[in-house]
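# Remarks on the overall topology
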Amino acid sequence: LQGIFVLGLPYALLHSGYSGLLLLVLAAALCCYTGKILIACLYEENEDGQLIRVRDTYEDIANACCKKLSPNLGGIVVNVTQVVELIMTCILYLVVSGNLLSHSFPYVPVTEKTWSVIAFVTLVPCVFIRTLKIVSKLSQLCSLVHFVIILVVITYCLTQIHQWSWAKFRLSLEFEDFLVSVGVIIFSYTSQIFLPTLEGNMKNPGEFRCMLNWTHFFACILKTTFALTSFLTWGEKTKEVITDNLPSFLETLVNLCLLTKALLSYPLPFFAATEIVYSCISKGNRSSYRSPLLALAVRGSFLFLTLLMAMFTPYFALLMGLSGSVTGAAMTFLFPSLFHLKLKWKKLSFLEKCADISVFILGFLCSLAGIVCSIKGLLEVFG
């Protein structure tokens, strides 16, 4: 999903001006920080002062925080939030794939929904994915395609350097447009939902913090360069998806690359969602969890569900914005800061407590603003 958000970064700069450049850096720092504190919640010190991994998942962290209220309440809330976000992400990939195919082959007499079904057929093998290793290989290819897209756009923009002008940046901003820009910029960095599984599968988990620092640093550099060069090239003519600004021959090439990226991105949220369901089913019934038929049934059901919702959900973009404002902000800012305060309160310094509280307030405000904008959009659509 980050690739889709990245393509909207130049448009976000159009509506946020110089503050957007600051937000690109600030969002990287905040998301890196919440990723670290989330993983810190997986560990506790033993009698010798050594950190031991006592929890494995986001669900375990939530249950540990809510055990006085109910042993499973926190886990249920987190699991529902995760599954909703992951399913909506999968659906968005199908919708985007249909849209990209429709724009790439406008002379083929096929509707956008039919193109989505064609894209869905290529994703059927996802029901046979059983390990994260396969998903990681697909994600590597996805990253390669993503880099090619960014490289093509930046290279074209550099050929237009003669028409760049800093005067294109806005000094006065409209508040509602600015809020949209904040959402696009912040959620182009989000990955917290996958971090516990990722850290648990690393050969050297001790290198996780270093890995997080470097990936967010390079992501910040790449995204800022991409957004800045694109905006300086097109200025006020910058469109919501920057590829729409490209010449036709480049637009078709980049759209096909985006299609490849969308299809390669689908397995990660799909695998994560089905794993959450498996972990719930496996409690108290391990034999059923290992049943190949049950595994295929659950994966097949999830796959078919994403297709149905992509086909029949009206105004999906607005509904995605509404759910994303709730689930995205919760998983990225609210839960990590809240859980960290709950589990580590006695060991945190005053500055660390202030940092967590500030992140929680920021996440709440972002979520509230996104909900208001999305509901307003839905009310306008339904008249």
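Residues numbered from 1 in each chain as written. Predicted model: local features only at pLDDT ≥ 70, side-chain atom pairs only at ≥ 80, totals over all residues. Heavy atoms only, no water.

The protein appears in an unreviewed UniProt entry as Vesicular inhibitory amino acid transporter from Oreocharis arfaki. Quoted verbatim from the Sequence similarities (unreviewed entry) heading of the UniProt record, the comment on the protein is "Belongs to the amino acid/polyamine transporter 2 family." (UniProt positions renumbered as here; feature names shortened; annotations may be inferred.)

### Section: the packing of aromatic side chains
Within the structure shown, the criterion is met by 8 aromatic pairs. With 5.7 Å between their ring centres and 25° between their planes, Y266 and F270 make a pair best called stacked. Taking relative accessible area as the criterion, F270 reaches 2% and is therefore assigned buried. The structure contains a cluster of three or more aromatic residues connected by ring pairs, namely Y58, F335 and F339. Positioned above the aromatic ring of Y189 is the side chain of K223, whose terminal nitrogen or guanidinium carbon lies 4.0 Å from the ring centre. The aromatic ring of W345 is capped on one face by K353, whose charged end is 4.0 Å from the ring centroid. (Phe/Tyr/Trp six-rings, centres within 6.5 Å; stacked < 30°, edge-to-face > 60°. Buried < 20%, exposed > 50% of the residue type's maximum accessible area, 1.4 Å probe, protein only. Lys NZ or Arg CZ within 6 Å of the ring centre and 35° of its normal.)

### Focus on helix α14 (residues 292-312)
Because an α-helix packs 3.6 residues into every turn, residues spaced three or four apart end up facing the same way. With 21 residues, α14 should cover 30 Å at 1.5 Å per step; its first-to-last C-alpha distance of 30 Å lies within 8% of that length. Listed as buried for α14 are A295, V298, R299, F302, L303, T306, L307, A310 and M311. (Helix = DSSP H or I, 4+ residues; strand = E, 2+ residues; numbered from the N terminus. Expected span 1.5 Å × (residues − 1).)

### Digging into the confidence of the model for the protein
Averaged over all residues, the pLDDT of the protein is 84; the fraction at 70 or higher stands at 92%. Within the protein, no element has a lower average pLDDT than helix α13 (residues 286-289), which sits at 46, and none a higher one than helix α10 (residues 208-234), at 92. (pLDDT = per-residue confidence, 0-100.)

### Side note on the environment of S265
Mapped onto the elements, S265 comes out in helix α11 (residues 248-265). Given a relative accessible area of 9%, S265 falls into the buried group. Residues S265 and V135, spaced 130 residues apart in sequence, show a C-alpha to C-alpha distance of 9.0 Å.

### Notes on the environment of T306
For T306, the position within the fold is in helix α14. For the pair T306 and M88, spaced 218 residues apart in sequence, the C-alpha to C-alpha distance is 7.8 Å. Leave out the neighbours within four places in its chain, and T306 touches I87, C90, I91, L94 and Y266. There is a polar contact of 2.9 Å between the side chain of T306 and the side chain of Y266. At 2.6 Å, the side chain of T306 and the backbone oxygen of L303 are in polar contact. (Contact = heavy atoms within 4.5 Å. Polar contact = N/O pair within 3.5 Å; in protein donor to acceptor, adjacent residues only side chain to side chain.)

### Description of the side chain of H340
Here H340 lies in helix α15 (residues 316-344). According to the relative accessible area criterion, H340 is buried, its value standing at 7%. When near neighbours in sequence (up to four residues on either side) are disregarded, H340 contacts I37, A40, C41, W345, L348 and D356.

### Some details on the pattern of salt bridges
When the charged atoms of two side chains with opposite charge come close together, those side chains can pair. Scanning all chains against the criterion turns up 5 salt bridges. For E44, the salt bridge goes to K344, with nearest N and O atoms at 3.8 Å. Taken as a pair, E44 in strand β1 (residues 43-45) and K344 in helix α15 lie far apart in primary sequence, 300 residues in all. A relative accessible area of 10% means that K344 is categorised as buried. With its nearest N and O atoms 2.8 Å apart, the salt bridge here joins R53 to E199. Taken together, the residues R53 in strand β2 (residues 51-53) and E199 in helix α9 (residues 195-200) connect sequence positions 146 residues apart. Owing to a relative accessible area of 26%, R53 belongs among the partly exposed residues under this scheme. Assessed through its relative accessible area of 2%, E199 is described here as buried. A single network of salt bridges, built from pairs that share partners, joins E44, R55 and K344. (Salt bridge = Lys/Arg side-chain N within 4 Å of Asp/Glu carboxyl O.)

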